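Observations on chain architecture
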Amino acid sequence: MTNKMWGGRFASGPDAIMAEINASIGFDKRLFAQDIRASKAHAAMLAEKRIITKADAAQIRHGLDQVQAEIEAGTFTFSSALEDIHMNVEARLKELIGPAAGRLHTARSRNDQVATDFRLYVRDTVDHLDAQMADLQRALAERAEAHAATLMPGFTHLQVAQPITFGHHLLAYVEMLARDRSRLADARARMNECPLGAAALAGTSFPIDRAMTARALGFARPTRNSLDSVADRDFVLEVLAAATICAIHLSRLAEEIVLWATAQFRFVKLSDKFTTGSSIMPQKRNPDAAELIRAKPGRILGAFTALAVVMKGLPLTYSKDMQEDKEPAFDAFDSLSLALAAATGMVRDMVPDETRLREAAATGFSTATDLADWLVRELQMPFREAHHVTGSLVALAERKGVDLSRLSLAEMQAAHPRITKDIFRVLTAERSAASRTSFGGTAPANVRRAARRWIRLLKGK
């Protein structure tokens with residue numbers, strides 16, 4: 001049998017395989033709330049412009065309320081024969097209110113309908129992800145304030161570089177997340193235009209008010225070109241790109257937590273809440289949550305790539321290829337949301353080992369730069385010469401198996417005769433970190449101010 005929603009042109013129904021490949025209800029049913037919201041706005045506008053009667057609009061609104069209640073209660077029966085969420089909702093609406101349901105689709109198409117629904121969904125998702133990112137920022141900033149003076153080694157090439165503070169390290173991720181949120185905010189502003197009323201591709205001859213439906217749905221304005229309105233999926237690609245960058249940031253944090261929790265580092269401990277055991281090795285405490293977060297960028301970048309390939313080379317306007325826009329995006333957004341929740345939980349759960357961190361901060365000749373800076377500052381030595389002198393002292397300390405602070409003054413002066421005993425004042429991890437007072441530096445006072453600033457900014461958000 002033909003599909004009564006669109007089947008007047010067709011004498012028979014689709015082949016079973018055609019029906020299976022064509023149906024999207026299995027995944028686009030999650031758009032039900034956005035679909036019903038847009039339909040209500042459309043019906044209200046049609047009534048206001050006297051395209052349908054106010055009585056019909058009221059019936060449609062009440063019927064859509066009942067459909068939404070059924071879906072939320074789990075009593076709604078979705079039909080793959082009806083292909084998608086739009087037809088499923090409309091078919092049930094017709095069962096509930098009769099012929100008035102058939103007037104709802106006046107002056108619109110499934111093309112502008114799905115474009116509107118998906119924009120609403122992605123916009124709602126952006127708001128949800130932004131709130132999650134802000135929560136992770138709060139968790140990091142609060143831990144940063146508590147550990148503004150907790151020493152740890154800073155790394156380059158995963159080799160000890162200079163002493164920093166644990167709080168300073170955590171605040172780096174707060175800054176990354178701020179950029180992630182900024183990218184989402186930019187994407188939200190660009191997507192905040194309403195395609196509804198573009199119809200199939202050319203607009204409509206009915207005297208609709210697109211600005212009215214845009215306002216009702218919280219959009220800043222209607223889209224300006226009917227062709228682009230139904231063909232555009234930039235808004236999804238842009239959010240997926242931002243989501244990929246955020247996932248990469250989370251993956252970097254997760255990798256550090258994996259390292260920090262090892263017996264070799266022993267920088268932090270995670271509780272049973274975010275670790276698992278081994279089926280054979282009873283001593284194991286595996287940071288599986290962090291490892292899974294570390295893997296998420298693959299899925300999220302994969303979603304971006306999949307949609308980019310779908311959209312590449314598509315002629316205007318709508319093609320059925322674009323039905324492939326939702327499943328990868330849904331999966332990517334779900335994955336990022338879960339990763340953000342897990343990362344926030346781990347940040348609040350992990351307990352830094354302050355003694356171990358402080359010990360590690362003093363290893364690897366981490367104060368070598370402080371020695372070179374002292375030579376420049378106190379002896380007015382050119383930095384390149386100071387770098388060379390310091391390098392020779394590091395080599396000597398390495399041969400002797402001691403830290404720079406354990407070399408004698410005579411050994412120091414053998415490298416340069418003008419070195420005085422004051423040099424030893426800068427050769428501690430505490431003094432090194434405290435001296436980095438430049439804007440954005442790791443000095444505990446800086447870190448404390450920065451953490452408190454972020455906590456104030458994030459309060460209530």
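Read on for an overview of the structure.

1. Considerations on the nonpolar core
Membership of the largest hydrophobic core comes to 97 residues, with the highest contact counts inside it found for Phe-118, Val-122, Leu-250, Trp-260, Leu-336 and Leu-340. The element that contributes the greatest number of residues to this core is helix 10 (residues 234–260), accounting for 15 residues. Beyond its immediate chain neighbours, meaning those up to four positions away, Val-122 contacts Met-191, Phe-235, Val-236, Val-239 and Phe-333. Membership of the second largest hydrophobic core comes to 20 residues, among which are Leu-371, Met-381, Ala-397 and Ile-419.

2. Considerations on unusual backbone geometry
In this structure, Thr-317 follows Leu-316 across a cis peptide bond, with omega equal to 5°. Not every positive phi belongs to a glycine, and Glu-83 is a case in point at roughly 70°. Its place among the elements puts Glu-83 in the loop between helix 4 (54–73) and helix 5 (85–97). For Glu-83, a relative accessible area of 6% puts it in the buried group. Even without glycine at this site, Gln-380 takes up a positive phi of about 55°. Relative to the assigned elements, Gln-380 resides in the loop between helix 14 (368–379) and helix 15 (383–400). Given the relative accessible area of 60%, Gln-380 is considered exposed.

3. Focus: a nonpolar patch on the surface
Where nonpolar side chains cluster on the molecular surface, the patch consists of Leu-201, Leu-227 and Leu-316 and spans about 260 Å² of accessible area. If you trace the backbone, Leu-227 turns up in helix 9 (residues 226–231). When its relative accessible area of 33% is taken as the criterion, Leu-227 is described as partly exposed.

4. Section: the packing of helix 3 (residues 32–48) against helix 4
Interaxial distance between helix 3 and helix 4 falls to 9 Å at its minimum, and their mutual angle equals 175°. By the angle between their directions, the pair helix 3 and helix 4 is classed as roughly antiparallel. The residues of helix 4 that touch helix 3, namely those facing Phe-32, Ala-33, Ile-36, Ser-39, Lys-40, Ala-43 and Ala-47, are Lys-54, Ala-57, Ile-60, Arg-61, Leu-64, Asp-65, Val-67, Gln-68, Ile-71 and Glu-72. The residue makeup of the contact of helix 3 with helix 4, split by class, is 10 nonpolar, two polar and five charged.

5. Brief notes about the packing of aromatic side chains
The way to describe two aromatic rings as a pair is by their centre distance and the angle between their planes. For the coordinates displayed, the defined rule picks out seven aromatic pairs. Each ring, one from Phe-118 and one from Phe-235, has its centre 5.9 Å from the other, and the planes form 75°; the classification is edge-to-face. Here Phe-235 lies in helix 10 and Phe-118 lies in helix 6 (residues 110–146), a separation of 117 residues in the sequence. The pair formed by Phe-118 and Phe-235 is uniform in burial state, with each residue classed as buried. By the ring-pair criterion, three or more aromatic residues cluster together here, those being Phe-118, Tyr-121, Phe-235 and Phe-330. Taking the ring centre of Phe-330 as reference, the NZ or CZ of Arg-30 above it sits at 4.5 Å. Its end group placed over the ring of Trp-454, Arg-453 keeps NZ or CZ at 5.1 Å from the ring centre.

6. Focus: helix 11 (residues 288–311)
With 24 residues, helix 11 extends 35 Å from end C-alpha to end C-alpha; this agrees with the ideal 34 Å at 1.5 Å per step. When helix 11 is considered as a whole, its buried residues turn out to be Ala-289, Ala-290, Ile-293, Lys-296, Pro-297, Ile-300, Ala-303, Leu-307, Val-310 and Met-311. Contacts made by the buried residues of helix 11 are with helix 9, helix 10 and helix 12 (326–349). Positioned one or two residues after helix 11, Gly-313 has a phi angle of 80°, which is positive.

7. Description of the pairing of strand 1 (residues 151–156)
Along any regular strand the residues' side chains alternate between the sheet's two faces. Bridge count for strand 1 against strand 2 (residues 159–165) is six bridges, and the pairing is antiparallel. In the sheet register, Phe-155 faces strand 2, and the bridge partner there is Val-160. Where strand 1 hands over to strand 2, the hairpin turn is made up of two residues, of which His-157 adopts a positive phi near 60°.

8. Considering the environment of Asp-209
Turning to its location among the elements, Asp-209 is positioned in the loop between strand 3 (193–194) and helix 8 (210–216). We classify Asp-209 as partly exposed; its relative accessible area is 25%. Separated by 163 residues in sequence, Asp-209 and Leu-46 place their C-alpha atoms 8.3 Å apart. In contact with Asp-209, other than residues within four places in its own chain, are Met-45 and Lys-49. In terms of polar contacts, Asp-209 uses its side chain to reach the backbone amide nitrogen of Ala-211, at 3.2 Å.

9. Description of the pattern of salt bridges
Once their charged atoms are close, side chains differing in charge can pair, the charge on each being opposite to the other. If you walk through the whole model with that rule in mind, you get 27 salt bridges. As a salt-bridge pair, Asp-272 and Arg-285 come within 2.6 Å of each other at their nearest N and O atoms. Highlighted residues: Asp-272 in the loop between strand 5 (268–269) and helix 11 and Arg-285 in the loop between strand 5 and helix 11, separated in sequence by 13 residues. With relative accessibility at 61%, the residue Asp-272 sits in the exposed group. For Arg-285, a relative accessible area of 46% puts it in the partly exposed group.

10. Side note on the packing of helix 6 against helix 10
Two numbers describe how helix 6 lies on helix 10: the axes approach to 11 Å, and their chain directions differ by 20°. Taken together, the axes of helix 6 and helix 10 lie roughly parallel to each other. Relative to helix 10, the crossing made by helix 6 is left-handed. Facing Ala-115, Phe-118, Arg-119, Val-122, Val-126, Met-133 and Leu-136 of helix 6, the residues of helix 10 in contact are Phe-235, Val-236, Val-239, Cys-246 and Leu-250. Taken together, the residues of the contact of helix 6 with helix 10 sort by class into 11 nonpolar, no polar and one charged.

Thresholds, definitions, all that
Residues numbered from 1 in each chain as written. Predicted model: local features only at pLDDT ≥ 70, side-chain atom pairs only at ≥ 80, totals over all residues. Heavy atoms only, no water. Core = buried A, V, L, I, M, F, W, Y, C linked by side-chain atoms within 4.5 Å. Buried < 20%, exposed > 50% of the residue type's maximum accessible area, 1.4 Å probe, protein only. Helix = DSSP H or I, 4+ residues; strand = E, 2+ residues; numbered from the N terminus. Contact = heavy atoms within 4.5 Å. Patch = residues over 30% accessible without salt bridge, like charges linked within 9 Å, V, L, I, M, F, W, Y side chains within 5 Å. Areas by Shrake-Rupley, 256 points an atom, 1.4 Å probe, with all protein chains shown as cover. Salt bridge = Lys/Arg side-chain N within 4 Å of Asp/Glu carboxyl O. Axes fitted to C-alpha atoms, helices over the stretch in contact; angles between N-to-C directions. Parallel < 35°, antiparallel > 145°, perpendicular 65-115°, else oblique. Nonpolar A, V, L, I, M, F, W, Y, C, P; charged D, E, K, R; others polar. Phe/Tyr/Trp six-rings, centres within 6.5 Å; stacked < 30°, edge-to-face > 60°. Lys NZ or Arg CZ within 6 Å of the ring centre and 35° of its normal. Expected span 1.5 Å × (residues − 1). Pairing = 2+ DSSP bridges. Polar contact = N/O pair within 3.5 Å; in protein donor to acceptor, adjacent residues only side chain to side chain. Left-handed = near helix turned anticlockwise from the far one by under 90°.

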